Amino acid sequence: MSAQCCAGQLACCCGSAGCSLCCDCCPRIRQSLSTRFMYALYFILVVGLCCIMMSTTVAHKMKEHIPFFEEMCKGIKAGDTCEKLVGYSAVYRVCFGMACFFFIFCLLTLKIDNSKSCRARIHNGFWFFKLLLLGAMCSGAFFIPDQDTFLNAWRYVGAIGGFLFIGIQLLLLVEFAHKWNKNWTAGTASNKLWYASLALVTLIMYSVATGGLVSMAVFYTQKDGCMENKILLGVNGGLCLLISLVAISPCVQNRQPHSGLLQSGVISCYVTYLTFSALSSKPAEVVLDEHGKNITICVPNFGQDLYKDENLVTILGTGLLIGCILYSCLTSTTRSSSDALQGRYAAPELEIARCCFCFSPGGEDTEEQQPGKKGPRVIYDEKKGTVYIYSYFHFVFFLASLYVMMTVTNWFNYESANMESFFSGSWSIFWVKMASCWICVLLYLWTLVAPLCCPTRQFSV
């Protein structure tokens, strides 16, 4: 029993599946999914640490409840009140370690197409040692000499990486819209109900976009004032109308018969969401009323008491932020997403219309558990080859590390940033979201007009 126990623990540390190795009652899980889950778990741990470092509430609680707090801070040379372990500079250092961790694995896993190779085994196993390596790299960043120069240089690297991460998500959104329309249009040749499905979804998309813009005009503008909000809503609403007209224009239809209102409806919904998110992130405008009292304008009436419980808002907002980033990372690291970013698409005639077109039609287990065999319930689904590109997976998480660093520290307003005020508004976050909105529209417009501007080139979307 002792030998079996030691072997099980060793398998947990070095095994090729991070999940379901130590627990017989766990459900069956694919090796590729288990690996991505473990890396995502490491990512969550570091992001949670960054959020704690940016929280003034946590810093005050530690000072109040930890005995000999100041002596401990001086002992580890973190300042009189551990000020070197909190704030934006500490987050920059920790995210530097995490970014280096994923970048090293990105280089280590270049051009791997066989899961049985030595480098693939390192990618899929040795979880305990990877956790030690991640911790060592995050801790080692605090000992980098000439911290001021490092932080100033790393800030620009973080901004570039953060914008690249946003750009990848916007490119994949545009690709998703084209893929959706192409897949469902392929089904109309055999079943006319696909026409009804396309029309229904398109109607829903435009209803959501129109309703969202109208609601924002009601709640985020007033009869007198709020001119900035009115202009932004007018511009973004006009952009939604523009891309819709361009998508169905005869010149675009001649070159791209698969272009339609479904794609522009998806982009319009995303523009509406980003507009709402940007207006929600905008710092509140405070003016004096006729009685000389401060009042907040250009926000919903029910928003006056929205931030009374700052801790609850911070926790919920942080959880939502981490969830959105993880979703973006995991959905953008599939092989189809990687191919799309490189301009490789399936031919329209090979499309098989499916409601859940994002998932592959196959889903059979590649390995069945042998009868009577006890132990881990892991499905090794990469025997014939890797199901996702390892290096691209780590590169996206590298960019996500930089995006988290910039987002948590309020981008360019880093000196006054903290988690308690993160969800109450910031001009940096506001303009980043508005810029993302306009870049998304430009990317989609380019996919429509590119065949007209470059008639000799072949475009697949």
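Residues numbered from 1 in each chain as written. Predicted model: local features only at pLDDT ≥ 70, side-chain atom pairs only at ≥ 80, totals over all residues. Heavy atoms only, no water.

Peer 1: What am I meant to see in the overall build of the protein chain here?
Peer 2: Per the secondary structure count, the protein chain includes 17 helices and four strands. Expressed as a percentage of contacts within the protein chain between residues at least 6 apart in sequence, the contacts between residues at least 24 apart total 76%. (Helix = DSSP H or I, 4+ residues; strand = E, 2+ residues; numbered from the N terminus. Contact = heavy atoms within 4.5 Å.)

Peer 1: Got a minute to help me understand the packing of aromatic side chains in this structure?
Peer 2: How two aromatic rings sit relative to each other is set out by the distance from centre to centre and by the angle between their planes. Under the defined criterion, the tally for this structure stands at 25 aromatic pairs. Between Phe101 and Phe102, the ring centres sit 5.3 Å apart and the planes meet at 80°, which makes this aromatic pair edge-to-face. As far as burial versus exposure is concerned, Phe101 and Phe102 are alike and both buried. Aromatic ring contacts, followed pair by pair, group Tyr39, Tyr42, Phe43, Phe101, Phe102, Phe105, Trp127, Tyr388, Tyr390, Phe393 and Phe397 into a single cluster. The ring of Trp127 is capped by Lys130, whose NZ or CZ atom sits 4.0 Å from the centre of that ring. (Phe/Tyr/Trp six-rings, centres within 6.5 Å; stacked < 30°, edge-to-face > 60°. Buried < 20%, exposed > 50% of the residue type's maximum accessible area, 1.4 Å probe, protein only. Lys NZ or Arg CZ within 6 Å of the ring centre and 35° of its normal.)

Peer 1: Looking at this model, I keep getting lost on the pattern of salt bridges. Mind explaining?
Peer 2: Pairing of side chains with opposite charge becomes possible as their charged atoms draw close. Within this structure, the stated rule accounts for one salt bridge. With its nearest N and O atoms 2.8 Å apart, the salt bridge here joins Lys282 to Glu228. Here Lys282, found in the loop between α12 (261–281) and β2 (285–288), pairs with Glu228, found in helix α10 (residues 227–247); they are 54 residues apart in sequence, far enough to count as distant. Classification of Glu228 by relative accessible area gives partly exposed; the value is 34%. (Salt bridge = Lys/Arg side-chain N within 4 Å of Asp/Glu carboxyl O.)

Peer 1: Sorry, what's going on with the state of the cysteines here?
Peer 2: Each disulfide is one covalent bond, formed between the sulfur atoms of two cysteines. Taken as a whole and assessed by the stated rule, the structure comprises zero disulfides. Left unpaired, Cys95 is separated from the closest cysteine sulfur, that of Cys50, by 3.6 Å. Counting only cysteine sulfurs, Cys240 is the nearest neighbor of Cys269, a cysteine outside any disulfide, at a range of 8.5 Å. (Disulfide = S-S within 2.5 Å.)

Peer 1: Mind showing me how you'd approach the packing of helix α5 (residues 88–108) against helix α15 (residues 390–408) here?
Peer 2: Working note: a packed helix pair is described by the angle between its axes plus the distance between those axes. At their nearest, the axes of α5 and α15 sit 8 Å apart, and the two run at 170° to each other. Relative to α15, the element α5 is oriented roughly antiparallel. Packed against α5, whose contacting residues are Val91, Tyr92, Cys95, Met98, Ala99, Phe102, Phe103, Phe105 and Cys106, the element α15 presents Ser391, His394, Phe395, Phe397, Phe398, Ser401, Leu402, Met405 and Met406 at the interface. Among the residues making up the contact of α5 with α15, the classes are represented as 15 nonpolar, three polar and no charged. (Axes fitted to C-alpha atoms, helices over the stretch in contact; angles between N-to-C directions. Parallel < 35°, antiparallel > 145°, perpendicular 65-115°, else oblique. Nonpolar A, V, L, I, M, F, W, Y, C, P; charged D, E, K, R; others polar.)

Peer 1: Would you take a moment to explain helix α7 (residues 127–140) for this structure?
Peer 2: Residues that lie three or four places apart on an α-helix share one face, since the helix turns once every 3.6 residues. The end-to-end C-alpha distance of α7 is 20 Å, a good match for the 20 Å that 14 residues give at a rise of 1.5 Å each. Within the sequence span of α7, burial applies to Trp127, Lys130, Leu134, Met137 and Cys138. Down the axis of α7, the smallest arc covering the buried residues is 95°, so these residues share one side. (Expected span 1.5 Å × (residues − 1). Arc of directions from axis to C-beta.)

Peer 1: I would appreciate a short explanation of the side chain of Thr272 in the present structure.
Peer 2: In this fold, Thr272 is placed in helix α12. Discounting residues that sit within four places of it in the chain, Thr272 has contacts with Ala209, Gly212, Leu213 and Met216.

Peer 1: Explain the nonpolar core here, please?
Peer 2: Burial of nonpolar side chains together is a common tendency in soluble globular proteins. The biggest cluster of nonpolar side chains holds 84 residues, and the ones touching the most others in it are Phe43, Phe101, Phe102 and Ile267. Here this core gathers at least three residues from each of two domains, domain 1 (26–143 + 302–342 + 379–411) and domain 2 (176–282 + 424–460). Core analysis: the next-biggest nonpolar cluster, separate from the first, contains nine residues, Leu213, Met216, Leu232 and Leu279 among them. (Core = buried A, V, L, I, M, F, W, Y, C linked by side-chain atoms within 4.5 Å. Domains from an automatic or database assignment.)

Peer 1: Please clarify how the packing of α5 against helix α8 (residues 147–187) should be interpreted in this entry.
Peer 2: Relative to each other, α5 and α8 sit at 70°, their axes nearing to 11 Å. One way to sum up the angle between α5 and α8 is to call them roughly perpendicular. For the crossing formed where α5 meets α8, the hand is left-handed. Contacts between α5 and α8 involve Tyr88, Ser89, Tyr92, Arg93, Cys95, Phe96 and Ala99 from the former and Gln147, Phe150, Leu151, Trp154 and Arg155 from the latter. (Left-handed = near helix turned anticlockwise from the far one by under 90°.)

Peer 1: So what exactly am I meant to see when it comes to unusual backbone geometry here?
Peer 2: Glycine aside, residues mostly have negative phi angles, and peptide bonds mostly take the trans form. Phi angles above zero are rare outside glycine, and Lys111 is one such case at about 60°. Its location among the elements puts Lys111 in the loop between α5 and α6 (118–124). For Phe126, which is not glycine, the phi dihedral falls at a positive 60°. Relative to the assigned elements, Phe126 resides in the loop between α6 and α7.

Peer 1: Looking at this structure, I do not really get a nonpolar patch on the surface. What am I missing?
Peer 2: Together, Phe37, Leu41, Leu45 and Leu131 make up an exposed nonpolar region whose accessible area comes to about 350 Å². For the nonpolar patch, the element with the highest residue contribution is helix α2 (residues 31–53), accounting for three residues. (Patch = residues over 30% accessible without salt bridge, like charges linked within 9 Å, V, L, I, M, F, W, Y side chains within 5 Å. Areas by Shrake-Rupley, 256 points an atom, 1.4 Å probe, with all protein chains shown as cover.)

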